[in-house]
Amino acid sequence: MAGTVSYVMIIMILSRLLLLVSTQIYMSFFGADRFLNIYSYAITIPNTIFNCFGTALGTVFIPIYAGHLAKGEEKQAARFANNIITISLAFTAVLVALGMALSPVLPRFTAFKEGEAYSFAVKALMIMMPVMLFATVLYFCVFAVLTHRSAQTAAMQPGGTTVVLDAGHGGEDGGATGVSGTSEAALNLDISLRLRDLLRLCGVRVSMIRETDTAVYSDGCRTISEKKVSDIKNRTETVNQTENALLLSVHQNFFTEGKYHGAQVFYAKTPGSQALAEQLQANLALGLEPGNRRQCKKSDGVYLMEHIGCTGVLVECGFLSNYEEEQRLLQPEYQKKLAAVIAGTLSV
């Protein structure tokens, strides 16, 4: 990694110096030395340093830093950012000091070898060098702020937190059945898989409790009752054993009457759960159902939600007992929108 950064920096510096030298040769060849005014040196030379760091920042440093975060390597990302800031500022300070020391010499290579023009060129260089140092320091201060904010986000989401996606039911437990025969378990899995892909695209670390139409009960369970008990306890154990977990459980609602509709979020009693549920409920209404007046509620009687130790929410994405909503939930485009709203809430 260090070698790559070094090569890129060297190439950028040489390319800009070559541009400066070739410009002078070209203009001298055509007898246009008079156009090589003080700005060519008072601005171009220190600006070369500034541009090199700026280009490296955007094309090398930030992508490498983001790559560490995407892999969950928070410590390496922080160490890389600190090293880049320290080394770059030190290197810039050395270059500026060298530039200021050479300021009286540089104009002698131009038409400004003496007199008032020479003095002005020297003064301009002496001013522009510290200005470029300040600009570079400012550049990397911005980088420091960005990396700090990224680290904060990582601590909340992609790096520091693992989002555990629980696609409700599965296997022998199909969950609720929609009015047109839709299996809740299958629908939960479809939405969860879309959500998984979106979250990972955003750099969020994701763990799926199930990725196929299977239950997660332990071997040896024989009766349906034993399998259900084992399944829910295994899900709970998976969440609690995941370091820095955040649970999002995906389900569908059902009621005896078909008139009810709308997504609703339920939250665990753990810290952060209610705040997340409130934000998610608001975003679901805003992004999917402007007419949805449902409020998030505390989860009561759900074993998983009552026995986790981390922040957790359960999303009832809609009512399978409502034919129109059931058909909407089956549409891939609507599932994408639903997943996008949830992913956007978790990755902000």
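Going along each chain's sequence as written, the residues are numbered from 1 onward. Where totals are concerned, whole chains, interfaces and linings use all residues; where local detail is concerned, this predicted model gives features only for residues with pLDDT of at least 70, and gives and counts side-chain atom pairs only at 80 or more. By convention in this description, side-chain values take in all heavy atoms of the structure and omit both hydrogens and water.

1. Digging into unusual backbone geometry
Peptide bonds are, in most cases, trans, and in most cases residues other than glycine have a negative phi. Counted only if it meets this: Working definition: helices are DSSP H or I runs of at least four residues, strands are E runs of at least two. Numbering for both runs from the N terminus. Remark: exposure states derive from per-residue accessible area (1.4 Å probe, protein chains only) relative to the maximum for the residue type, with buried under 20%, exposed over 50%, and partly exposed in between.
Of note in this structure, H169 is not a glycine but carries a positive phi near 65°. Structurally, H169 is set in the loop between β1 (162-167) and α6 (184-201). One non-glycine residue, N244, lies in positive phi territory at about 50°. Within the secondary structure layout, N244 lies in the loop between α7 (224-241) and β3 (245-253). Overall, the relative accessible area of 45% leaves N244 in the partly exposed class.

2. Observations concerning the pattern of salt bridges
Where we set the bar: The salt bridge criterion pairs a side-chain nitrogen of Lys or Arg with a carboxyl oxygen of Asp or Glu, the two atoms within 4 Å.
Summed over all chains, the structure comprises eight salt bridges. In this structure, E333 engages K336 in a salt bridge whose closest nitrogen and oxygen atoms are separated by 3.5 Å. Of the two residues, E333 and K336 are both situated in helix α11 (residues 332-347); the distance of three residues between them amounts to about one turn of the helix. One salt-bridge network, in which partners are shared between bridges, spans D166, D231 and R235.

3. What about the packing of α6 against α11?
Rules: Axis geometry follows a simple rule: fit a line to the C-alpha atoms, using only the stretch in contact for helices, then measure angles between N-to-C directions, giving values from 0 to 180 degrees. Working rule for angles: under 35 degrees goes down as roughly parallel, over 145 as roughly antiparallel, 65 to 115 as roughly perpendicular, anything else as oblique. Here a crossing is taken to be left-handed if its near helix is turned anticlockwise relative to the far helix by less than a right angle, and right-handed if that turn runs clockwise. Any pair of residues with heavy atoms lying within 4.5 Å of one another is described as a contacting pair. Three classes are used: nonpolar for Ala, Val, Leu, Ile, Met, Phe, Trp, Tyr, Cys and Pro, charged for Asp, Glu, Lys and Arg, and polar for all others, with Gly counted as polar.
For the pair α6 and α11, the least separation of the axes is 9 Å and the interaxial angle reads 50°. Classified by the angle between their axes, α6 and α11 sit oblique to one another. Read as a crossing pair, α6 and α11 show a hand that is right-handed. Of the residues in α11, those in contact with L187, D190, I191, R194, L195, L198 and L199 of α6 are P332, Q335, K336, L338, A339, A340, I342, A343 and L346. Each residue belonging to the contact of α6 with α11 can be placed in one class, and the counts come to 12 nonpolar, one polar and three charged.

4. Focus: the nonpolar core
Which entries qualify depends on this criterion: Buried Ala, Val, Leu, Ile, Met, Phe, Trp, Tyr and Cys residues that are joined via side-chain atoms within 4.5 Å together make up what is termed a nonpolar core.
Counting residues in each nonpolar core, the largest one holds 34 residues, and the members touching the most others are L199, L248 and L284. Put simply, the parts of the chain that give this core at least two residues each are β1, α6, β2 (205-208), β3, β4 (264-267), α8 (273-287), β6 (311-319) and α11. The element that contributes the greatest number of residues to this core is α11, accounting for seven residues. Residues contacting L199, with those up to four places away along its chain left out, are V163, L165, V204, V206, A343 and L346. Core analysis: the next-biggest nonpolar cluster, separate from the first, contains 13 residues, V216, F266, M305 and C310 among them.

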